[in-house]
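A closer look at the structure
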Amino acid sequence: MAQNTICDLCKEDSEDLEHLMFKCKATVPIWHELFEWMKIPLATNLDMDWIRRKSKGKGWPNVLVKAASTEIVYGIWMYRNSMIFGNKGSYRDIQSVIKSTIDSLVYRGWMKPKHRNHIVNILM
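Scope of this entry: the structure provided in the associated data block.

**Regarding the side chain of serine 82**
The topology assignment puts serine 82 in helix α4 (residues 60-85). Within the structure, serine 82 has its side chain in polar contact with the backbone oxygen of tyrosine 79 (distance 2.8 Å). A polar contact is formed between the side chain of serine 82 and the backbone oxygen of tyrosine 91, at a distance of 2.7 Å.

**Examining helix α3 (residues 48-55)**
Those residues of α3 that fall on the buried side of the exposure criterion are Trp50, Ile51 and Ser55. For α3, the angular spread of buried residues about the axis comes to 115 degrees, placing them on one side. Those residues of α3 that are buried are in contact with α1 (17-23), α2 (28-38) and α4. The opening residue of α3 is aspartate 47, an N-cap whose side-chain oxygen sits 3.3 Å from the backbone nitrogen of aspartate 49. After α3 finishes, the residue glycine 57 shows a positive phi value of roughly 105 degrees.

**Re the pattern of salt bridges**
Throughout the structure, instances matching the rule amount to 7 salt bridges. In this structure, lysine 11 and aspartate 8 form a salt bridge, with 4.0 Å as the shortest nitrogen-oxygen distance. The exposed category is assigned to lysine 11, whose relative accessible area is 55%. Its relative accessible area of 25% is what places aspartate 8 among the partly exposed residues. Here glutamate 71 and arginine 108 are joined by a salt bridge, their closest N and O atoms 2.8 Å apart. Of the two residues, glutamate 71 is situated in helix α4 and arginine 108 in helix α5 (residues 94-110); the sequence distance between them amounts to 37 residues. Judged by its relative accessible area of 52%, arginine 108 is exposed.

Analysis parameters
- Residues numbered from 1 in each chain as written.
- Predicted model: local features only at pLDDT ≥ 70, side-chain atom pairs only at ≥ 80, totals over all residues.
- Heavy atoms only, no water.
- Helix = DSSP H or I, 4+ residues; strand = E, 2+ residues; numbered from the N terminus.
- Polar contact = N/O pair within 3.5 Å; in protein donor to acceptor, adjacent residues only side chain to side chain.
- Buried < 20%, exposed > 50% of the residue type's maximum accessible area, 1.4 Å probe, protein only.
- Arc of directions from axis to C-beta.
- Contact = heavy atoms within 4.5 Å.
- Salt bridge = Lys/Arg side-chain N within 4 Å of Asp/Glu carboxyl O.

Quick look at the structure:
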């Protein structure tokens, strides 16, 4: 039995991890909008190597890139699954993925008192 490999989000390219997370025209705007919200410049050629480099270390920007990337990947995967399986849950469109990711980042950042000032600065 042949398996469909066309991306269910853009319907244009083969779906693999690199495409789905970093190249798909349906998911790239998620990365751009969230990194703009965080006031962190995003690489023009976004990939896992860039995320690894930017998330090394213990400084606030590194912690934020690591947390945001984890939340974004999770959100994209949930969005993909909702499109494939017809779920109408929290990840029904790109804006809901962005909102959910921001909510998670603010909540998780607020839970650590040393990150609260950084969260406040992003929110302003």
